[in-house]
Amino acid sequence: MSEFFAMGGYGFYVWCSMGMVLFLMLLEPIVLKIQHRRLIKSIQRQKRRKKEN
Amino acid sequence: MAINWFKYSSPSSFYPLAGKMIPVFMTLAILLIMGGLYWGFFETPDVLSDQKQYYKIIYVHVASAWMAMWLYVVMVAWAVLGLIFNTRMSYMMASATAVTGAIMTALSLWTGAFWGQTSWGTWWDWDPRMTTQLILLFLYIGYIALQSAIEETRRSDRASAVLALVGLAIVPVIYYSINCPDPNECASLHQESSLKRVEPNILIAMLVVTAGFWMYCFAVILMRVRNIILQRESHTNWVERLEAFR
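Residues numbered from 1 in each chain as written. Chains lettered and ligands numbered in written order. Predicted model: local features only at pLDDT ≥ 70, side-chain atom pairs only at ≥ 80, totals over all residues. Heavy atoms only, no water.

A.B. asks: With reference to specific residues and values, describe the pattern of salt bridges.
C.D. replies: Residues and elements named next belong to chain B. In the structure shown here, the tally under the stated rule is four salt bridges over all chains. Of the charged contacts, one joins D157 and R232 as a salt bridge, the two residues approaching to 3.0 Å between their closest N and O atoms. Of this pair, D157 sits in helix α5 (residues 153-167) while R232 sits in helix α7 (residues 200-233), and the two are 75 residues apart along the sequence. Taking the relative accessible area as the measure of exposure, R232 reaches 23% and is therefore partly exposed. (Salt bridge = Lys/Arg side-chain N within 4 Å of Asp/Glu carboxyl O. Helix = DSSP H or I, 4+ residues; strand = E, 2+ residues; numbered from the N terminus. Buried < 20%, exposed > 50% of the residue type's maximum accessible area, 1.4 Å probe, protein only.)

If you want it as structure tokens, here you go:
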């Protein structure tokens, strides 16, 4: 197992590359999802205000 | 069967359609990327001997570099459709593509730096392929910046579409930066692209991961375009009638 992570001495390079890919490709959809929820909430608020007036 | 494509050029019909497609593309992306990487890490012979396992960076490096270039073409295609037909949806698709394109370009440069350090002994060199890829990143950033600098949506859409179209000139330059007719004339550290010479298992893994990257890009671009639709159309009646707001 540790041999696998060592990557013949190049573990640092391989895992830094893979890690950044994983990080950004998880971050992007998560940020979009949060943004989506905020938009829905703000439109709901806007709709409620409209009704009250 | 005739599909009325223009129906989907209106945000009100595209929004729910995109919502249905996102989980499909995301699932495919996860399956293909995991499958491809599994094959690439465990089922390929160590052709370069045990000492050179850094070649495994190839799977994500090549996939992200290809996506960076292709997404630029996709973005320009949407921008041009917008300029010709003046459809809101096309412009929204173009700007949704830009951010993902920039991320893919950044990933290709990042993974390339780590590969370069192992095989060429340098994180960065002004080799033609790297330099043109860096310019591509600046083009994406320029497009995003220009769009956010102009407040009026219609003007910012058109201005950034023209910028994207002019920047299309970089794509053939990126391609020919390593595939130039006379190899002696292009001083590239990158070797000529040679898919035929790659070991078949590595090639399959690379192509499967690339297909997964395509699916991922479709999914996040659709996610972003839905957000853009909500931002721009929040005052319209159809948005208020959406299920989420009942």
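A.B. asks: Account for a positive patch on the surface, naming residues and giving values.
C.D. replies: Residue and element names in this part refer to chain A. A cluster of basic side chains, namely K33, R37, R38, K41, R45, R48 and R49, defines a positive patch on the protein surface. With respect to the helices and strands, K41 occurs in helix α2 (residues 11-52). Overall, the relative accessible area of 51% leaves K41 in the exposed class. (Patch = residues over 30% accessible without salt bridge, like charges linked within 9 Å, V, L, I, M, F, W, Y side chains within 5 Å. Areas by Shrake-Rupley, 256 points an atom, 1.4 Å probe, with all protein chains shown as cover. Lys, Arg positive; Asp, Glu negative; His and termini not counted. Charge placed at Lys NZ, Arg CZ, Asp CG, Glu CD.)

A.B. asks: Account for the interface of chain B and chain A, with residues named and values stated.
C.D. replies: Tallying the contact residues gives 40 residues for chain B and 28 residues for chain A. Together, the buried faces of chain B and chain A total about 3,200 Å²; carbon and sulfur atoms form 72% of this surface. At the surface where chain B touches chain A, the tally comes to two salt bridges. Across the pair R224 of chain B and E28 of chain A runs a salt bridge, and its minimum N-O distance is 2.8 Å. Counting across the interface, chain B meets chain A through eleven residue pairs in polar contact (both at pLDDT 80 or more). (Contact = heavy atoms within 4.5 Å. Buried area = accessible area lost by both parts, 1.4 Å probe. Polar contact = N/O pair within 3.5 Å; in protein donor to acceptor, adjacent residues only side chain to side chain.)

A.B. asks: Which residues make up the packing of aromatic side chains, and what are the values?
C.D. replies: A ring pair, where both rings are aromatic, is described by two values, the distance of the centres and the angle of the planes. Considering all chains together, one arrives at 24 aromatic pairs over all chains under this definition. Note on F4 of chain A and F5 of chain A: the rings are 5.3 Å apart at their centroids and 70° apart in plane angle, and the pair reads as edge-to-face. Overall, F4 of chain A belongs to the partly exposed group, its relative accessible area being 22%. Between Y38 of chain B and F42 of chain B, the ring centres sit 5.2 Å apart and the planes meet at 40°, which makes this aromatic pair tilted. Residue Y38 of chain B and its partner F42 of chain B are both found in helix α1 (residues 11-42); the two are separated by four residues, about one turn of the helix. For F42 of chain B, a relative accessible area of 47% translates into the label partly exposed. Through successive ring pairs, a cluster of aromatic residues spans F4, F5 and W15 of chain A together with Y38, F41, F42 and Y59 of chain B. Here the basic side chain of R226 of chain B rests over the ring of Y15 of chain B, its NZ or CZ set 4.1 Å away from the ring centre. (Phe/Tyr/Trp six-rings, centres within 6.5 Å; stacked < 30°, edge-to-face > 60°. Lys NZ or Arg CZ within 6 Å of the ring centre and 35° of its normal.)

A.B. asks: Lay out the side chain of T97 of chain B with the relevant residues and their values.
C.D. replies: Within the secondary structure, T97 of chain B is located in helix α3 (residues 88-119). Setting aside anything within four residues of it in sequence, one finds T97 of chain B in contact with L71, V74, M75, W78 and I221 of chain B.

A.B. asks: Tell me about α1 of chain B, and name the residues and values.
C.D. replies: The end-to-end C-alpha distance of α1 of chain B is 44 Å, a good match for the 46 Å that 32 residues give at a rise of 1.5 Å each. When the local axis directions of α1 of chain B are compared, the greatest deviation, roughly 30°, occurs at M21 of chain B, which is followed within four positions by the proline P23 of chain B. (Expected span 1.5 Å × (residues − 1). Bend = angle between axes of the 7 residues up to and from the residue.)

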